[in-house]
Amino acid sequence: MRKQLDRWLGPLAFVLVALDVWLGLWITPPDQVQGEYVRLVYVHPAVAWVALYVAFGMAGLCSVLYLWPRTRSLAFDYAAAAAVEVGVVFTILTCITGAIWGRPTWGVWWTWDARLTSTALLAVMFLGYLALRRVPAEPHVRARRCAVMALIAAVDVPIVHFSVNWWNTLHQGATVLNANLSPTIHGSMAWTLLLSFIAFTLLFVWMVIARYRLEVLRHSGERKDLDRALSERRAEGAEA
Amino acid sequence: MFRDAALVAGRDLRIELRSRVVLWQVLPFSVLALLLFAFAFGPSQARLVQSAPGLFWLALLFSTVLFAQRSRALEGSPATREAARLLGLDPAGVFLGKTVALFLELVVLEVLLVVGLLLLFHVVVVSWLVLIAACLLAALGLASASVLYGALSGEARIRSTLLPVLLLPILAPVLIAGVRSFQAAIKDGAGLSGRWLGVLAVFSLVYTGLGIALYGPLEEN
């Protein structure tokens, strides 16, 4: 099962992303108001969904599970680290795709809008999380610090989500996850949008699994190095 | 918890009074920051008055990082933490004590910065009540967040570079709300200040609560 998942998940994600690009660029019609610029809607919201809700949601959940004494395991710490690392990449992609859309539509690459500013802050906070992970410490000490940091940073996620409702923003409100849960997009555009969410979520899952395994290997490598160094010192002591 | 907090606050303040690191290093840095901002903006009085709220809070935030480093340095050695454990000090009390000490130091800094703005930038404060409320609420929020992030940031050799990266982004709400409150205080009428003072109060309460709950687990080895 695990081998089959390894074999199929990555290619499936890439095929779905390619299908999304094809549908978004050639099959779906241009928008009545935005014209061709609407095609970024098949990338930007899906990437933002993965970054804000899936990645940082997973990081928050894994951090809670690590801090909870009954479920405390370094596996949750590694999973949170993997989710944050991939999530930061997706957050940066969110800002880049948003800027590409913003330049022709708003006339600027960047504006100090509540949604944009809170997203940028979120990215910086999780970059801080990644910096904290690189501080040398005993694995459980590092895991505890990082879990607390992830939970504090995750508080910004609802602020980002509701920023378009709480403040007067240039950024439009939610198209799908709006207050009435009534999507304001229909037909082939809606299906392509849905496909983009599935494709980028699968891509994220594939990347997180790979990153998680790398983290496990790195830590087991560190432990082996430590054991080897200890046995060498002991051998030196015995010779002396 | 409160007895432990009083002990720790007294110890931190006594150390600062005796070592005078804050007096001779951190406070001069804050005044220097104000002067450098003034050099950068030029001598135009109108421009200086207009930018004074932002400069005040930026100088305060950058100085807070130094205060946080200093506060953590007092607690940072494993021997100090071990001694606190052996004495049976409640971690929540230690957190509160350090927060109170830092709060008082930040209030002194705020007084100095306000005096600097009045003398050097010729700022005229209309609503002192708004300004004092904003400064006190912000000092509490900055102190509690600094103590919590000091505990998060680990060993001394890494802390000097890591702490600003961790601390400054989460202080953004204090910067925004503080600037708006200050603007209301130097303009006629409090206008926006109620909502922004609320932001400062919520920030302070949230970080004090988080610190009380999480400081103990963070200090475990």
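Structure's up top.
Residues numbered from 1 in each chain as written. Chains lettered and ligands numbered in written order. Predicted model: local features only at pLDDT ≥ 70, side-chain atom pairs only at ≥ 80, totals over all residues. Heavy atoms only, no water.

Asks: Explain the interface of chain A and chain B here, please?
Replies: Where interface size is given, it is often the accessible area lost as the parts come together that is meant. Facing the 15 residues of chain A at the interface are 22 residues of chain B. Both faces considered, chain A and chain B share a buried interface measuring about 1,600 Å² in area, 75% of it formed by carbon and sulfur atoms. Here chain A and chain B share zero salt bridges between them. Here chain A is connected to chain B by zero residue pairs in polar contact (both at pLDDT 80 or more). Of all elements in the fold, only helix H4 (114–133) and helix H5 (139–154) of chain A reach the threshold of two or more residues within the side of chain A that touches chain B. Top contributing element to the side of chain A that touches chain B by residue count: H4 of chain A, with seven residues. (Contact = heavy atoms within 4.5 Å. Buried area = accessible area lost by both parts, 1.4 Å probe. Salt bridge = Lys/Arg side-chain N within 4 Å of Asp/Glu carboxyl O. Polar contact = N/O pair within 3.5 Å; in protein donor to acceptor, adjacent residues only side chain to side chain. Helix = DSSP H or I, 4+ residues; strand = E, 2+ residues; numbered from the N terminus.)

Asks: Sorry, what's going on with unusual backbone geometry here?
Replies: Across the chain, the bulk of peptide bonds are trans and the bulk of non-glycine residues have phi less than zero. If you check the backbone angles, His122 of chain B has positive phi at about 55 degrees while not being a glycine. Residue classification places His122 of chain B among the partly exposed positions, given a relative accessible area of 43%. (Buried < 20%, exposed > 50% of the residue type's maximum accessible area, 1.4 Å probe, protein only.)

Asks: Would you take a moment to explain a nonpolar patch on the surface for this structure?
Replies: Residues and elements named next belong to chain B. Taken together, Val31, Leu32, Leu35, Leu36, Phe39, Val111, Leu112, Val115, Leu119 and Leu120 make up a surface patch of nonpolar side chains, about 890 Å² in accessible area. For the nonpolar patch, the elements supplying multiple residues, two or more each, are helix H2 (21–41) and helix H5 (91–121). You can see Phe39 is positioned in helix H2. Its relative accessible area of 62% is what places Phe39 among the exposed residues. (Patch = residues over 30% accessible without salt bridge, like charges linked within 9 Å, V, L, I, M, F, W, Y side chains within 5 Å. Areas by Shrake-Rupley, 256 points an atom, 1.4 Å probe, with all protein chains shown as cover.)

Function-wise, these values are silent; they only describe arrangement.
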